[in-house]
Amino acid sequence: MTTQRTLSILKPDVTRRNLTGKINSLIEDTGLKIVAQKRLKLSLSQAQAFYSVHKKRSFFNDLINFMISGPIIVQVLEGENAVATYRDKMGATDPKKAAPYTIRAQFAESIEANSVHGSDSLKNASVEIRFFFSEIEINA
């Protein structure tokens, strides 16, 4: 086992419904520690830059429009195997296919408004964390 960091985003459907505390409790119940957190509203260019990996996909514009539709919470999570632990807790992208204990099964409104984002690898976690946070903002 190794201590890792991963990025978490609580999406606009979460902030609109005031579910931040409930989801943070579920995250902390996995043993992960929230070592940085801030609320912000992405600009169009910021959302496009963050999700540029999906630029050629058919859902790109819908994703961008959703992500700029309201405030988000960005977080750095730290703990044993943080990437895999958080991805397991998030659940399948389609909440209808997500296991019952997962965040998406409990809170996602749809496959598009699926409540959370998490890094899919250690490499991407590092890139995504640096997109939103400077090292001085991360307090382990």
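The text that follows walks through the structure, step by step, so that each part is easy to find. This one's a predicted model, so the numbers in the text were calculated from it and none came from an experiment. (Residues numbered from 1 in each chain as written. Predicted model: local features only at pLDDT ≥ 70, side-chain atom pairs only at ≥ 80, totals over all residues. Heavy atoms only, no water.)

## Observations regarding the layout of surface pockets
- When its volume is computed, the largest pocket comes out at roughly 790 Å³.
- Looking at the lining of the largest pocket, the elements with two or more residues in it are helix 3 (44–50), helix 4 (60–67), strand 4 (116–118) and helix 7 (122–132).
- Split by residue class, the lining of the largest pocket holds 11 nonpolar, eight polar and eight charged. (1 Å grid on protein atoms, 1.4 Å probe; cavity = no way out; pocket = protein on both sides within 12 Å on 5 of 7 lines; lining within 4 Å. Points joined across faces, edges and corners; volume = space filled by probe spheres on them. Helix = DSSP H or I, 4+ residues; strand = E, 2+ residues; numbered from the N terminus. Nonpolar A, V, L, I, M, F, W, Y, C, P; charged D, E, K, R; others polar.)

## Some points on the environment of isoleucine 23
- Tracing the backbone shows isoleucine 23 in helix 2 (residues 20–29).
- With relative accessibility at 0%, the residue isoleucine 23 sits in the buried group.
- As a C-alpha pair, isoleucine 23 and phenylalanine 107 span 84 residues in sequence and 8.7 Å in three-dimensional space.
- Residues in contact with isoleucine 23, not counting those within four places in the same chain, are Leu10, Val14, Ile103, Phe107 and Val116. (Buried < 20%, exposed > 50% of the residue type's maximum accessible area, 1.4 Å probe, protein only. Contact = heavy atoms within 4.5 Å.)

## What to know about the pairing of strand 3 (residues 72–80)
- For strand 3, the tally of buried residues reaches eight of nine residues, placing the bulk of the element in the interior.
- With eight bridges joining them, strand 1 (residues 3–10) and strand 3 adopt antiparallel strand pairing. Bridging across to strand 3, threonine 3 finds its partner in glutamate 80.
- In the sheet, strand 2 (residues 33–40) pairs with strand 3 via seven bridges, with the strands oriented antiparallel. Counted as the bridge partner of isoleucine 34 is leucine 77 from strand 3. (Pairing = 2+ DSSP bridges.)

## Some words on the side chain of aspartate 13
- Topologically, aspartate 13 is positioned in helix 1 (residues 12–16).
- Residue aspartate 13 is classed as buried on the basis of its relative accessible area, which comes to 0%.
- A distance of 2.8 Å separates a polar atom in the side chain of aspartate 13 from a polar atom in the side chain of serine 115.
- Once residues within four sequence positions are removed from consideration, aspartate 13 is found in contact with Phe66, Phe107, Ala108, Glu109, Ala113, Asn114 and Ser115. (Polar contact = N/O pair within 3.5 Å; in protein donor to acceptor, adjacent residues only side chain to side chain.)

## A few points about the sheet that holds strand 3
- Taken in spatial order, the four strands line up as 2-3-1-4 in an open sheet, and their pairing is antiparallel. At either end of the open sheet lies a strand with only one pairing partner, and these are strand 2 and strand 4. Taken over all neighbouring pairs, the strand axes of this sheet differ in orientation by 20 degrees on average, direction set aside.
- Helix 5 (residues 82–90) contacts strand 1, strand 3 and strand 4 of the sheet and is inclined by roughly 35 degrees relative to strand 1. (Axes fitted to C-alpha atoms, helices over the stretch in contact; angles between N-to-C directions.)

## A word on the nonpolar core
- Among the nonpolar cores identified, the biggest contains 21 residues, and Ile9, Tyr51, Met67, Phe132 and Phe133 are the most heavily contacted of them.
- Counting residues per element, this core draws most heavily on helix 4, at five residues.
- Once you skip the residues sitting within four places of it in the chain, phenylalanine 133 turns out to touch Leu7, Ala36, Gln37, Lys38, Val74, Gln75, Val76 and Ile138.
- Listed in part, the 15 residues of the second largest apolar core include Leu32, Ala82, Met90 and Val116. (Core = buried A, V, L, I, M, F, W, Y, C linked by side-chain atoms within 4.5 Å.)

## Considering unusual backbone geometry
- The backbone of asparagine 18 sits at a positive phi, close to 55 degrees, despite the residue not being glycine.
- Within the secondary structure, asparagine 18 sits in the loop between helix 1 and helix 2.
- Positioned with a positive phi, serine 115 is a non-glycine residue whose angle comes to about 75 degrees.
- Looking at the element boundaries, serine 115 is found in the loop between helix 6 (103–107) and strand 4.

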